[in-house]
Amino acid sequence: TGYQLSVGGTIRCEEVVVETGWADFVFESGYALRPLAEVQRHIDEQGRLPDVPAAAEVQARGIGVGTAQTILLQKVEELTLYLLQQQREIEALRAEVKQLREDDAR
């Protein structure tokens, strides 16, 4: 009800084009990437990532393909930011270790 097309079985096609929002807002300068400790707390308490609907909700109401894709892209982009952040930290630690070794060698 309320749909122009409703199929009670599987659909096979070559391509589906979904017009929806996108998740590039993650790369904007004002985007606040959650601290990983907060993400871990949310996972522990809710059993899912932040901003991802609960399985029971999706099972009961479904989820739009465009919405699901946007959420997944947001999580991939956030993962990329976390990796870049960790890489910067690794490089800083390597520089610090190198400096400490040079100081010890003197």
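Attention in this report is confined to the structure presented alongside it. Think of each chain on its own: its residues are numbered from 1, step by step along the sequence as written. Restriction of local features to residues with pLDDT of at least 70 applies here, the model being predicted, together with a cutoff of 80 or more for giving and counting side-chain atom pairs; totals for whole chains, interfaces and linings are based on all residues. Side-chain numbers here rest on the full set of heavy atoms in the structure, without hydrogens or water.

Here we look at a nonpolar patch on the surface
- Nonpolar side chains collect at one region of the surface, where Leu 5, Val 7 and Ile 11 lie side by side and expose about 320 Å² of accessible area between them.
- Position of Leu 5 among the secondary structure elements: in the segment before α1 (36-46). Patch definition: residues with relative accessible area over 30% and no salt bridge; like charges joined within 9 Å; nonpolar side chains (Val, Leu, Ile, Met, Phe, Trp, Tyr) joined within 5 Å. Each accessible area value is a Shrake-Rupley result obtained with a 1.4 Å probe; residue values ignore everything except the protein chains displayed when judging cover. Definition used for salt bridges: Asp or Glu carboxyl oxygen within 4 Å of a side-chain nitrogen of Lys or Arg. Counting from the N terminus, the helices are the DSSP runs of H or I reaching at least four residues and the strands are the DSSP runs of E reaching at least two.

Looking at the side chain of Thr 70
- Note on placement: Thr 70 falls in helix α3 (residues 65-105).
- The definition of a polar contact used here is a pair of N or O atoms within 3.5 Å, where within protein one atom must be able to donate a hydrogen and the other to accept one, and adjacent residues in sequence count solely through side-chain atom pairs. From its side chain, Thr 70 meets the backbone oxygen of Gly 66 in a polar contact 2.9 Å long.
- Excluding residues that lie within four positions of it along the chain, Thr 70 makes contacts with Thr 20, Gly 21, Trp 22 and Ala 23. Residue contacts are counted whenever heavy atoms from the two residues lie within 4.5 Å of one another.

Quick word on the pattern of salt bridges
- Tallying each qualifying case throughout the model produces 6 salt bridges.
- Its salt-bridge partner being Asp 51, residue Arg 34 comes within 3.0 Å of it at the nearest N-O pair. One end of the pair, Arg 34, is in the segment before α1; the other, Asp 51, is in the loop between α1 and α2 (55-61), with 17 residues separating them in the sequence.
- Across the pair Glu 57 and Arg 61 runs a salt bridge whose closest N-O atoms are separated by 3.6 Å. Taken together, the residues span about one helical turn, with Glu 57 and Arg 61 both in helix α2 at a distance of 4 residues.

Some points on α3
- One fewer than the residue count of a helix, multiplied by 1.5 Å, yields its expected span. For α3, built from 41 residues, the straight-helix expectation of 60 Å at 1.5 Å per residue is met to within 8% by its first-to-last C-alpha distance of 59 Å.
- Burial here depends on accessible area, computed with a 1.4 Å probe over protein chains only, as a share of the maximum for the residue type. Under 20% is buried, over 50% is exposed, and the range in between is partly exposed. Residues Gly 66, Thr 70, Ile 71, Gln 74, Lys 75, Glu 77, Glu 78 and Tyr 82 constitute the buried set of α3.
- Tucked inside the fold, the buried residues of α3 contact α1.

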